[in-house]
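Structure assessment
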Protein chains: 2
Amino acid sequence: MIPSISSPKIAFAGADHDHRRCVAAALAAATELCARRGVRLTELRRRVLELVWRSHAPQGAYAILETLRRRGRRAAPPTVYRALEFLLAQGLIHRIESASAFVGCTTPGRPHAGHFLICSDCGATAEVDDSRVGSALRDSAAEVGFRVERQTIELSGYCPDCQDESLDGEPSD
Amino acid sequence: MIPSISSPKIAFAGADHDHRRCVAAALAAATELCARRGVRLTELRRRVLELVWRSHAPQGAYAILETLRRRGRRAAPPTVYRALEFLLAQGLIHRIESASAFVGCTTPGRPHAGHFLICSDCGATAEVDDSRVGSALRDSAAEVGFRVERQTIELSGYCPDCQDESLDGEPSD
DNA sequence: GGCGTTATGTTATACTATAACAGTCTTGAG
DNA sequence: CTCAAGACTGTTATAGTATAACATAACGCC
């Protein structure tokens, strides 16, 4: 059961992908989901979601705030945090604890408890939902009588792209 | 393979345990470890470690600072953060990302990549090192070509003690 | 004892997040 | 249509977490 190097499951978006598609898909999914749930994806919330999706690297609340302002929107920290709170509640984004930042959810709609692979170099973050991890954790917790409510699983390291680059990466000084 | 309820592995300290023993053991282990490594467990660092171990619930940096000051030590935030940084580097404590707080390491000395069970009620935190979890994560990451450097795994929920109490816990309003 | 290194003190400030209250917009009942 | 209730956003202030930068003190080696 050695994972073959030639079977790269979808996870990291790759340096070349058309990111506008990611954003468009995320916004479409969010629109549809909010309509179905009868909650309001307001202009502000939509713009914040769009800014979270600006890249696959987690975005800080104040970076989002900064951009909103530059684009002419009156905004203060609560403006952003409230929108983020809504998006979190709807499962449209996730908070990356180890970075105090937020990243778009790649599979909104269905309940999931996945984990994150975060590249220390380029910041790209992949959301993975591997049942083995979940069940290993559940078993482990059950054995000591712990009832799990919420999980935070964040692995830092290097994505495929940045492992390649690290060959000629840091020049020795 | 259903884990029996009657086989509680050591994990949570239990409401009744003699906590002074925990602290004494942790300080002794730290002293020994630092001596072996030729690094200095100074008075300040020792006191900060002791305060992290004040309870099995993660302690915030500013709570530690507060206590240091009340006990007559001149201290400012960097005082505490530098000590914490040292203790982290030596593997004597861990940072709980989801709480922005620090907890003593129960098995310092050997390299380990465990995970944490954190009670949302009493705050008690157990450090667990389950090879199934580690290997599940490693496999999962390897399949997408990700090289893991550091892992943050924090499960929030209810410890055995607080599950019992929750029967008469929150009164319905 | 002098000297380089490591540790701590001190001041200021950056970054992250929320409380509290005011004003505005939306929506549905009548 | 109008108005009232609730939802959303604006605004100000402040709490909580963390680090930069520089000064001073302690340690350990020669």
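Calculation notes
Residues numbered from 1 in each chain as written. Chains lettered and ligands numbered in written order. Predicted model: local features only at pLDDT ≥ 70, side-chain atom pairs only at ≥ 80, totals over all residues. Heavy atoms only, no water. Helix = DSSP H or I, 4+ residues; strand = E, 2+ residues; numbered from the N terminus. Contact = heavy atoms within 4.5 Å. Buried area = accessible area lost by both parts, 1.4 Å probe. Salt bridge = Lys/Arg side-chain N within 4 Å of Asp/Glu carboxyl O. Polar contact = N/O pair within 3.5 Å; in protein donor to acceptor, adjacent residues only side chain to side chain. Near = heavy atom within 4 Å. Nonpolar A, V, L, I, M, F, W, Y, C, P; charged D, E, K, R; others polar. Pairing = 2+ DSSP bridges. Phe/Tyr/Trp six-rings, centres within 6.5 Å; stacked < 30°, edge-to-face > 60°. Lys NZ or Arg CZ within 6 Å of the ring centre and 35° of its normal. Axes fitted to C-alpha atoms, helices over the stretch in contact; angles between N-to-C directions. Left-handed = near helix turned anticlockwise from the far one by under 90°. Least-squares fit on C-alpha atoms with pLDDT ≥ 70 in both.

1. Some words on the environment of Q163 of chain A
- Tracing the backbone through its elements, the reader meets Q163 of chain A in helix α6 (residues 160-165).
- Separated by 44 residues in the primary sequence, Q163 of chain A and C119 of chain A have C-alpha atoms spaced 9.7 Å apart.
- Leave out the neighbours within four places in its chain, and Q163 of chain A touches Y158 of chain A together with G145, F146 and R147 of chain B.

2. With respect to the interface of chain A and chain B
- At the interface, 41 residues of chain A touch 41 residues of chain B.
- Per-residue buried area on chain A facing chain B is highest for E143, V144 and F146 of chain A; these three make up 19% of the total on that side.
- Applying the counting rule to chain A against chain B returns 2 salt bridges.
- Of the charged contacts in the structure, one is a salt bridge between E143 of chain A and R132 of chain B, with a shortest N-O distance of 3.2 Å.
- At the junction of chain A and chain B, the tally comes to 16 residue pairs in polar contact (both at pLDDT 80 or more).
- When contributions to the side of chain A that touches chain B are tallied by element, the ones reaching two or more residues are β3 (115-119), α5 (131-143), β5 (147-158) and α6 of chain A.
- Counting residues per element, the side of chain A that touches chain B draws most heavily on β5 of chain A, which supplies 12 residues.

3. Quick notes on the protein's contact with DNA strand D
- Near DNA strand D lie 18 residues; those nearest to it are T42 and R82 of chain A together with Y62, Y81 and R95 of chain B.
- Put simply, 51% of the atoms of DNA strand D that lie within 4 Å of the protein are in sugar or phosphate.
- Within the side chain of Y62 of chain B, one N or O atom sits 2.5 Å away from a base nitrogen of DNA strand D.
- Elements that contribute at least two residues to the surface near DNA strand D include exactly α2 (43-52) and α4 (77-89) of chain A together with α4 (77-89) of chain B.
- Classifying every residue of the surface near DNA strand D by side-chain character gives 7 nonpolar, 3 polar and 8 charged.

4. Some thoughts on the pairing of strand β1 (residues 93-96) of chain B
Residues and elements named next belong to chain B.
- Relative to strand β2 (residues 101-104), β1 runs antiparallel, the two sharing 4 bridges. What sits directly across from H94, in β2, is V103.
- Count of turn residues in the β1/β2 antiparallel hairpin: 4 residues, of which S100 carries a positive phi of about 45 degrees.

5. Regarding the packing of aromatic side chains
- Counting across every chain of the model gives 4 aromatic pairs over all chains.
- Consider the rings of F12 of chain A and F146 of chain B, whose centres lie 5.6 Å apart with planes at 10 degrees: the pair is stacked. In this pair, F12 of chain A is assigned in the segment before α1 (19-37) and F146 of chain B in the loop between α5 (131-143) and β5 (147-158), connecting two distinct chains.
- Between Y62 of chain A and Y81 of chain A, the ring centres sit 6.2 Å apart and the planes meet at 65 degrees, which makes this aromatic pair edge-to-face. Placement of Y62 of chain A in helix α3 (residues 61-70) and of Y81 of chain A in helix α4 is noted, with a sequence separation of 19 residues between them.
- Over the aromatic face of F86 of chain B sits the side chain of R45 of chain B, whose NZ or CZ is 3.9 Å from the ring centroid.

6. Observations regarding the packing of α1 of chain A against α2 of chain A
All names here are of chain A.
- Orientation of α1 relative to α2, taken along the N-to-C sense of each, is 145 degrees, at an axis distance of 10 Å. Along this stretch, α1 crosses α2, giving a crossing that reads as right-handed. In this structure, α1 contributes V23, A26, L27, A30 and T31 to the contact, and α2 contributes R46, L49 and E50.
- In terms of residue class, the contact of α1 with α2 is built from 5 nonpolar, 1 polar and 2 charged.

7. Here's the deal with the protein's contact with DNA strand C
- In the vicinity of DNA strand C there are 18 residues, among which Y62, Y81 and R95 of chain A together with T42 and R82 of chain B approach most closely.
- Sugar plus phosphate, as a fraction of atoms of DNA strand C within 4 Å of the protein: 53%.
- Side-chain polar atom of Y81 of chain A to a phosphate oxygen of DNA strand C: 2.8 Å apart, as the coordinates give it.
- A distance of 2.3 Å separates a phosphate oxygen of DNA strand C from a polar atom in the side chain of R95 of chain A.

8. Describing the side chain of D130 of chain B
- Tracing the chain through its elements places D130 of chain B in the loop between β4 (125-128) and α5.
- Here S140 of chain A takes part through its side chain, which lies 3.2 Å from a polar atom of the side chain of D130 of chain B.

9. Some words on the relation of the copies chain A and chain B
- After a rotation of 179 degrees and a shift along the axis of 0.1 Å, chain A superposes on chain B with an RMSD of 0.1 Å. Such a combination of turn and shift is consistent with a two-fold rotation axis. In terms of proximity to the rotation axis, the leading residue of chain A is I153 of chain A, whose C-alpha is 2.2 Å off the axis.
- Looking at chain A, 100% of its interface residues are interface residues in chain B too, so the copies touch through the same face.

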